[in-house]
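Understanding the architecture of this molecule
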Amino acid sequence: MTEKIPVKDVTPVKIEKSQVQITKPSYSARSRIYVRSVQGMFETIRRLFGLIMIGLFAVAPWIQYDGSQAILFDLAEQRFNIFGLTLWPQDLTVLAYTLIVSAFGLFFITTFAGRVWCGFMCPQTAWTYIFVWFEEKIEGARNKRIKLDQRKMDADKAMRKTAKHFAWVSVSLLTALTFVGYFMPINELFIDFFTFDVGFWTGFWVIFFTVCTYGNAGYMREIMCTHMCPYARFQSAMFDKDTFTVAYNGERGEKRGPRSRKLTPEDVHAKGLGDCVDCNLCVQVCPTGIDIRNGLQYECINCGACVDACNGVMEKMGYEKNLISFTSEHELAGGTTKIFRPKLIGYAVVLAIMTSLLIYDIASRVPLEVDIIRDRNSLDRETNEGLIENVYTLKVLNKSQLIQTYNIEVLGLTDPKFMGNTQVTVEGGGVYTLPISVAVDPINLEEGTQKIYFRVTTSVNGEIVESTEPSTFIFTGV
Ligand code: SF4
Ligand code: SF4
């Protein structure tokens, strides 16, 4: 082999700072979005959903059931009360099923209609719209707000800014108090908070959630949706060519451009123009500040505001509506949307199965839990009467919200003598720990270990509720 490998000099060359030429900034600062208000079908639907959701959030913790707060996630006592149902850490399956149902519900709805959850139901969107509503009422419409922000500080500007921030802080504080009210009695929380009588941690969480709400809905807004929400990132995995998303019909709209309203559609087309008048309204109403005419973008939350805005323009121009619409990629390409497709059916089937399991799990739930622990210090012992005795600790957890009386019996032994209470009363949500011993005549025993059962029964609304726990009885021989 005679050919030589060419050698290249790779000695690092030191570049002086003054030689570095910055051509383009790698990071551009965020420009503030001034959302323009819009009227239309999707705006009405969003307001309706927002009102229902916020109304439910605000009212639910105030509802009383059987003399106590109907919905209370009592972390200190480790139990969740949801009307008559009390969930304990042992009821993890209910939580697991609920999360699975929520996840598949979201997958199903996203595959069918894109990010409609984000646009119509997400708390981030709902609270942002409340904040924007106050902003608009106090500072004025979009153009006025832009001018106000460009203006130097004067008395009018200071007054408007103060009023806006006061309104934002008030909404944030009420939101935080309501949210914390899901975790502790809300009546007491409101009274204690406004009489400055709350404990340190309660006060801390109220202030913490106030700051979070204020920051998120007042300043973060679309940043949460575009940069922080994980859902925005993995939603594309669920999209297919039949998913309904907000899209611009480029074939119909281009070439975009302004024109006189007096021109007939034929004149317009003769000039080579499409139906988009390039009014920019679709961009101005967009809460994430994108231009939907640039195609499907991950920032789009499918809120439909641009559809409403563009339909208004089309109406004024005397053009057909839906230049921007909820449509599928197939439909946009001239085909038809396939509603029943394997992916969607798959999600629907899993959703139906998991919902059934969740309902079954809640319906078949026994409001009683029994735990039996065998005394590990001694296997067995002989009593003064010559009986063989084993000692246990029985725990009875009343998972209902009412006081209950329980009967205890032992099964699986011949003529056992039960020493301890055979009946105990436990308050709602309480645990009763009971030391008991079981003694048996050795002639009724075989040497070794015998399986036995402790059965605890009670009656709830005329129905027998029981829990049977296995344990062992040990006879080491005489
Ligand atoms: S609102 Fe409609 S007409 Fe106006 S710029 Fe947007 S797409 Fe074009
Ligand atoms: S592009 Fe349209 S649908 Fe998407 S977020 Fe903006 S306004 Fe809403």
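None of the values given here were measured: they were computed from a predicted structure. (Residues numbered from 1 in each chain as written. Chains lettered and ligands numbered in written order. Predicted model: local features only at pLDDT ≥ 70, side-chain atom pairs only at ≥ 80, totals over all residues.)

1. Points about the overall build of the protein
Looking only at helices and strands, one finds 16 helices and 16 strands in the protein. Taking 23 Å as the expected radius of gyration for a compact globule of 478 residues, we find that the protein reaches 34 Å, considerably beyond that expectation. Projected onto its principal axes, the C-alpha positions of the protein cover 110 × 90 × 60 Å. Out of the 478 residues in the protein, the part that is buried amounts to 23%. Long-range pairs, those at least 24 residues apart, make up 67% of the contacts in the protein between residues at least 6 apart in sequence. (Helix = DSSP H or I, 4+ residues; strand = E, 2+ residues; numbered from the N terminus. Rg over C-alpha atoms; globule rule 2.2 N^0.38 Å. Buried ≥ 20, exposed ≤ 12 C-beta atoms within 10 Å, placed from the backbone. Contact = placed C-beta atoms within 7 Å.)

2. Some remarks on the sheet that holds strand β5 (residues 85–87)
Taken in spatial order, the three strands of this open sheet run β3-β4-β5, and their pairing is antiparallel. Strand pairing shows two members of the sheet lacking a second neighbour, β3 (71–74) and β5, which therefore form its edges. Strand-to-strand twist in this sheet, taken as the mean axis angle between neighbours without regard to direction, amounts to 10 degrees. Sheet topology note: the β3/strand β4 (residues 79–82) ladder contains four bridges and is antiparallel. The residue of β4 that forms the bridge with Phe 73 is Phe 80. (Pairing = 2+ DSSP bridges. Axes fitted to C-alpha atoms, helices over the stretch in contact; angles between N-to-C directions.)

3. Structural notes on the nonpolar core
One recurring pattern in soluble globular proteins is that nonpolar side chains are buried together. Membership of the largest hydrophobic core comes to 34 residues, with the highest contact counts inside it found for Cys 282, Val 285, Ile 292, Ala 305, Cys 306 and Ile 324. Elements that contribute at least two residues to this core include exactly α4 (123–139), α6 (155–180), α8 (200–220), β6 (245–248) and α14 (305–317). Ignoring sequence-local partners within four residues, the contact set of Ile 324 consists of Val 246, Tyr 248, Cys 282, Ile 292, Cys 306, Val 307 and Cys 310. Counting residues in each nonpolar core, the second largest holds 17 residues, with Ile 372, Leu 394, Tyr 406 and Ile 452 among its members. (Core = buried A, V, L, I, M, F, W, Y, C linked by C-beta atoms within 7 Å.)

4. Here's the deal with the site of ligand 2
Looking at ligand 2, there are 14 residues lining it, with Val 246, Cys 286, Cys 300, Cys 303 and Cys 306 nearest. Class assignment of the residues belonging to the shell around ligand 2 gives a composition of eleven nonpolar, three polar and no charged. (Near = placed C-beta within 6 Å. Nonpolar A, V, L, I, M, F, W, Y, C, P; charged D, E, K, R; others polar.)

5. Remarks on the pairing of β4
One ladder, built from three bridges, connects β4 with β5; its direction is antiparallel. Among the inter-strand pairings, Ile 82 is bridged to a residue of β5, identified as Leu 85. In sequence, β4 turns back onto β5 through a hairpin of two residues, with Phe 83 there showing a positive phi of about 55 degrees.

6. Some details on the packing of helix α1 (residues 41–59) against α14
Where α1 contacts α14, the axes come no closer than 7 Å and their chain directions differ by 145 degrees. Of α14, the residues touching α1 (which contributes Met 41, Phe 42 and Glu 43) are Ala 305, Val 307 and Asp 308. Residues that form the contact of α1 with α14 fall into these classes: four nonpolar, no polar and two charged.

7. Quick word on the site of ligand 1
Taken together, the neighbourhood of ligand 1 is formed by 16 residues, with Cys 276, Cys 279, Leu 281, Cys 282 and Cys 310 sitting nearest. Of all the elements in the fold, those that place two or more residues in the shell around ligand 1 are α13 (281–284) and α14. Counting residues per element, the shell around ligand 1 draws most heavily on α14, which supplies three residues. Of the residues belonging to the shell around ligand 1, the class tally is eleven nonpolar, two polar and three charged.

8. Observations regarding α1
Taking 1.5 Å per residue as the helical rise, α1 with its 19 residues ought to reach 27 Å, and the 27 Å between its terminal C-alpha atoms agrees with that figure. Along α1, the residues classified as buried are Phe 42, Arg 46 and Gly 50. For α1, the angular spread of the buried residues around the axis is 65 degrees, confining them to a single face. With respect to the buried face of α1, the exposed residues turned more than 90 degrees away are Met 41, Thr 44, Leu 48, Leu 51, Ile 52, Gly 55, Leu 56 and Val 59. Close packing links the buried residues of α1 with α3 (116–121), α4 and α14. (Expected span 1.5 Å × (residues − 1). Arc of directions from axis to C-beta.)

9. Structural notes on the sheet that holds strand β15 (residues 448–460)
Spatially, β13-β11-β15-β16 is the arrangement adopted by the four strands of the open sheet, whose pairing is antiparallel. Strands with a single pairing partner mark the edges of an open sheet, and in this sheet they are β13 (423–426) and β16 (463–475). Ignoring strand direction, the axes of neighbouring strands in this sheet form an average angle of 25 degrees.

10. Here's the deal with the domain arrangement of the protein
Per the domain assignment, the segments making up the protein are domain 1 (29–365) and domain 2 (368–475). Its C-alpha centre places domain 1 at a distance of 54 Å from the equivalent point of domain 2. Listed as interface residues are eight residues of domain 1 and, on the opposing side, five residues of domain 2. Classifying every residue of the side of domain 1 that touches domain 2 gives one nonpolar, four polar and three charged. (Domains from an automatic or database assignment.)

11. A few points about the confidence of the model for the protein
Residues with a pLDDT of 70 or more make up 94% of the protein, whose mean pLDDT is 88. Per-element averaging of pLDDT across the protein places helix α10 (residues 230–234) at the bottom with 78 and α6 at the top with 97. (pLDDT = per-residue confidence, 0-100.)

12. A closer look at the packing of α4 against α6
Running from amino to carboxyl end, α4 crosses α6 at an angle of 155 degrees, the nearest separation of the two axes being 9 Å. Overall, the two elements α4 and α6 adopt an arrangement that is roughly antiparallel. Here the hand of the crossing between α4 and α6 comes out right-handed. Judged by residue contacts, Ile 130, Phe 131, Phe 134, Glu 135, Ile 138 and Glu 139 of α4 engage Arg 160, Ala 163, Lys 164, Ala 167, Trp 168 and Val 171 from α6. (Parallel < 35°, antiparallel > 145°, perpendicular 65-115°, else oblique. Left-handed = near helix turned anticlockwise from the far one by under 90°.)

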